[in-house]
Amino acid sequence: MDAKKIEELAGSTLLVKDGDAVKKVSVADFAKDNSSVKFLAFYAGAHWCPPCRIYTANLQEFYHSVNADGKKMEVIFMTDDRDQAHFDRHFAKMPWAAIPFGEDNAKNQFKITHCVDSLPSLVVISTSTWNVVNIGEERDSVPLKDKSLKLWEDNTTQIQS
């Protein structure tokens, strides 16, 4: 993965899980650790949003299913939580990375650039083209393993042509 592209989208640091601990890492380290990932999904949500709590659980199931035979996608959570405690509670349930709470510049720019105006919302980007590939899917619907992966791969191929 291209660390500079990730930094443009998510800022310079991310939170990742290390067992039960959460640590802050540079996007360069994140990119190196996820070099085989084909799709990077940006998930906008918040603990105060009841549909987001349900969506998080369903997205988690999708995430584990898609990555069962080798890591194909990674998710970066972008919070709209109003305080650190709510963010911490929500992020604790997630197996993926997050933009740190309070680091809103990159998150807000991403939301403007990619027209994220409701919660929950998922924007999936191909790491080979750096274009949005979940075109034609509802951003508030949890992806379906076979159907979504095929759509994302087809959209990546069409963009490269």
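Not measured: the values here are computed from a predicted model. (Residues numbered from 1 in each chain as written. Predicted model: local features only at pLDDT ≥ 70, side-chain atom pairs only at ≥ 80, totals over all residues. Heavy atoms only, no water.)

Okay, the pairing of strand β6 (residues 121-126) next. Of all the six residues making up β6, six are buried; the element is thus mostly covered by neighbouring parts of the structure. In the sheet, strand β3 (residues 39-45) pairs with β6 via six bridges, with the strands oriented antiparallel. From the neighbouring strand, Phe 42 faces β6, where its bridge partner is Val 123. (Buried < 20%, exposed > 50% of the residue type's maximum accessible area, 1.4 Å probe, protein only. Helix = DSSP H or I, 4+ residues; strand = E, 2+ residues; numbered from the N terminus. Pairing = 2+ DSSP bridges.)

Moving on, we get to the pattern of salt bridges. All chains considered together, the criterion is met by eight salt bridges. We note a salt bridge from Glu 153 to Lys 38, for which the minimum N-O separation is 3.2 Å. Separated by 115 residues along the polypeptide, Glu 153 in helix α6 (residues 145-160) and Lys 38 in the loop between α2 (27-33) and β3 bring together distant segments of the chain. Look at Glu 153 and you get partly exposed, because its relative accessible area is 31%. (Salt bridge = Lys/Arg side-chain N within 4 Å of Asp/Glu carboxyl O.)

This part covers the nonpolar core. For soluble globular proteins, the rule of thumb is that nonpolar side chains tend to be buried together. Core analysis: the biggest nonpolar cluster contains 25 residues, and Tyr 43, Leu 59, Met 73, Val 75, Trp 96 and Trp 152 have the highest contact counts within it. The set of elements that each furnish at least two residues to this core consists of β3, α3 (50-66), β4 (73-79), α4 (84-91), β6 and α6. Ranked by residue count, the leading element in this core is α3, at six residues. Once residues within four sequence positions are removed from consideration, Val 75 is found in contact with Ala 41, Tyr 43, Leu 59, Tyr 63, Trp 96 and Ala 97. (Core = buried A, V, L, I, M, F, W, Y, C linked by side-chain atoms within 4.5 Å. Contact = heavy atoms within 4.5 Å.)

Moving on, we get to the environment of Thr 127. Mapping Thr 127 onto the fold places it in the loop between β6 and α6. Not counting chain neighbours up to four residues away, the residues in contact with Thr 127 comprise Met 1, Val 37, Lys 38, Phe 39 and Leu 40. Of the polar contacts made by the side chain of Thr 127, one reaches the backbone oxygen of Val 37; its length is 2.7 Å. (Polar contact = N/O pair within 3.5 Å; in protein donor to acceptor, adjacent residues only side chain to side chain.)

Within this structure, the stated rule accounts for ten aromatic pairs. Its guanidinium or amino end placed over the ring of Phe 91, Lys 17 lies 4.4 Å from that ring's centre, counting from NZ or CZ. One residue, Arg 82, lies across the ring of Trp 48, its end atom 4.3 Å from the ring centre. (Phe/Tyr/Trp six-rings, centres within 6.5 Å; stacked < 30°, edge-to-face > 60°. Lys NZ or Arg CZ within 6 Å of the ring centre and 35° of its normal.)

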